[in-house]
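Coordinate inspection notes
In case you want the letters, here they are:
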Amino acid sequence: AAEFVGRRNDVVFTQTPGSDVVLETRWLRPHATVIASGSDQPTKQELPVDLVASATYVADLVKQTSRVGELRPALAAGVMTEADVHAELGDVVTGAKPGRVGDEMIVVDLTGTGAQD
């Protein structure tokens with residue numbers, strides 16, 4: 001079912017309670033936006049690290065996603081550093097940093113913040 005959804009949609013939203021990766025990079029359109037909101041504990045991971053590392057990565061809060069979000073396993077695998085983060089969500093919303101600038105794949109990692117929820 002996840003492969004079917006990924007291959008046919010420009011936006012994919014994940015919110016799973018488990019710790020298993022639910023998408024594969026090869027299932028997604030090259031310009032897809034993936035919004036991941038299920039990783040809110042250090043034991044959870046919804047996205048493969050190659051997807052997170054290859055996409056334009058936007059975090060709700062870097063200090064939080066580095067501990068409990070999709071950024072955490074990418075950092076642990078050594079495929080990303082915090083310097084690779086494109087922006088925090090607030091920076092995109094306020095226009096301090098651009099959102100989409102072309103046909104790139106985007107990953108938005110939402111771990112849950114009181115002000116943004």
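This report concerns the structure included in the present document. Along each chain, residues carry numbers from 1 onward, in the same order as the chain's sequence is written. Side-chain atom pairs in this predicted model are given and counted only at pLDDT of 80 or more, local residue features only at pLDDT of at least 70, and totals for whole chains, interfaces and linings cover all residues. Hydrogens and waters are ignored; side-chain quantities use all the structure's heavy atoms.

In terms of regular secondary structure, the protein chain is built from five helices and five strands. We compute the radius of gyration from the C-alpha atoms alone; for a globule the expected value is 2.2 Å times N to the 0.38, where N is the number of residues. On C-alpha atoms alone, the protein chain measures out to a radius of gyration of 13 Å, which is about the 13 Å that the 2.2 N^0.38 rule sets for 117 residues. Across the 117 residues of the protein chain, 40% fall into the buried class. Put simply, 64% of the contacts in the protein chain that link residues at least 6 apart link residues at least 24 apart. A total accessible area of about 6,100 Å² is found for the protein chain, and carbon and sulfur atoms account for 53% of it. Only four residue types enter the tally: Lys and Arg on the positive side, Asp and Glu on the negative side, with His and both chain ends excluded. In plain terms, the charge of a residue is placed at NZ if it is Lys, CZ if Arg, CG if Asp and CD if Glu. Here the protein chain carries 10 positive and 17 negative side-chain charges, and the mean point of each set is 3 Å from the other. Secondary structure elements are taken from DSSP: a helix is a run of H or I of four residues or more, a strand is a run of E of two residues or more, and numbering for both begins at the N terminus. Note on exposure labels: buried denotes an accessible area under 20% of the residue type's maximum, exposed denotes more than 50%, and partly exposed covers the range between, all computed with a 1.4 Å probe on protein chains only. Every residue pair with non-hydrogen atoms within 4.5 Å of one another is taken to be in contact. Only the protein chains shown count as covering a residue, and every accessible area follows the Shrake-Rupley method with a 1.4 Å probe.

With that settled, the discussion passes to the pattern of salt bridges. Definition used for salt bridges: Asp or Glu carboxyl oxygen within 4 Å of a side-chain nitrogen of Lys or Arg. Evaluation of the coordinates by the stated rule reveals three salt bridges. Here Glu3 makes a salt bridge to Arg7, at a shortest N to O gap of 2.9 Å. Of this pair, Glu3 and Arg7 both sit in helix H1 (residues 2-8), separated by four residues, roughly a single helical turn. Here Arg7 falls in the partly exposed class, since its relative accessible area comes to 39%. Measuring nitrogen to oxygen at the nearest pair gives 2.9 Å for the salt bridge that ties Asp40 to Lys44.

We now examine the nonpolar core. Leu23, Leu28, Leu47, Tyr57 and Val107 are the most contacted members of the largest nonpolar core, which has 20 residues in total. Mapped onto this core, the elements with two or more residues apiece are strand S2 (33-36), helix H2 (49-54), strand S3 (56-59) and helix H4 (71-76). Setting aside chain neighbours within four positions, we find Leu47 in contact with Val21, Leu23, Val34, Ala36, Val52, Glu70 and Val107. For this analysis, a nonpolar core means a set of buried residues of the types Ala, Val, Leu, Ile, Met, Phe, Trp, Tyr and Cys, connected via side-chain atoms within 4.5 Å.

Here Ser37 shows up in the loop between S2 and H2. When residues no more than four places from it in sequence are discounted, the contact partners of Ser37 are Phe13, Thr14, Gln15, Glu46 and Leu110.

Moving on: the side chain of Glu104. Within the element layout of this structure, Glu104 appears in the loop between helix H5 (89-94) and strand S5 (106-109). Buried charge Glu104 goes without a salt bridge, the closest partner of opposite sign being Arg100 at 4.2 Å. Within 3.5 Å is the distance limit for a polar contact, defined as a pair of N or O atoms, with the added protein rule that one can donate a hydrogen and the other accept it, and that residues adjacent in sequence qualify only through two side-chain atoms. Only 2.9 Å separates the side chain of Glu104 from the backbone nitrogen of Val101, close enough to count as a polar contact. A distance of 2.8 Å separates a polar side-chain atom of Glu104 from the backbone nitrogen of Gly102. Here Glu104 is in contact with Pro30, His31, Ala32, Thr56 and Gly99, once residues within four sequence places are set aside.

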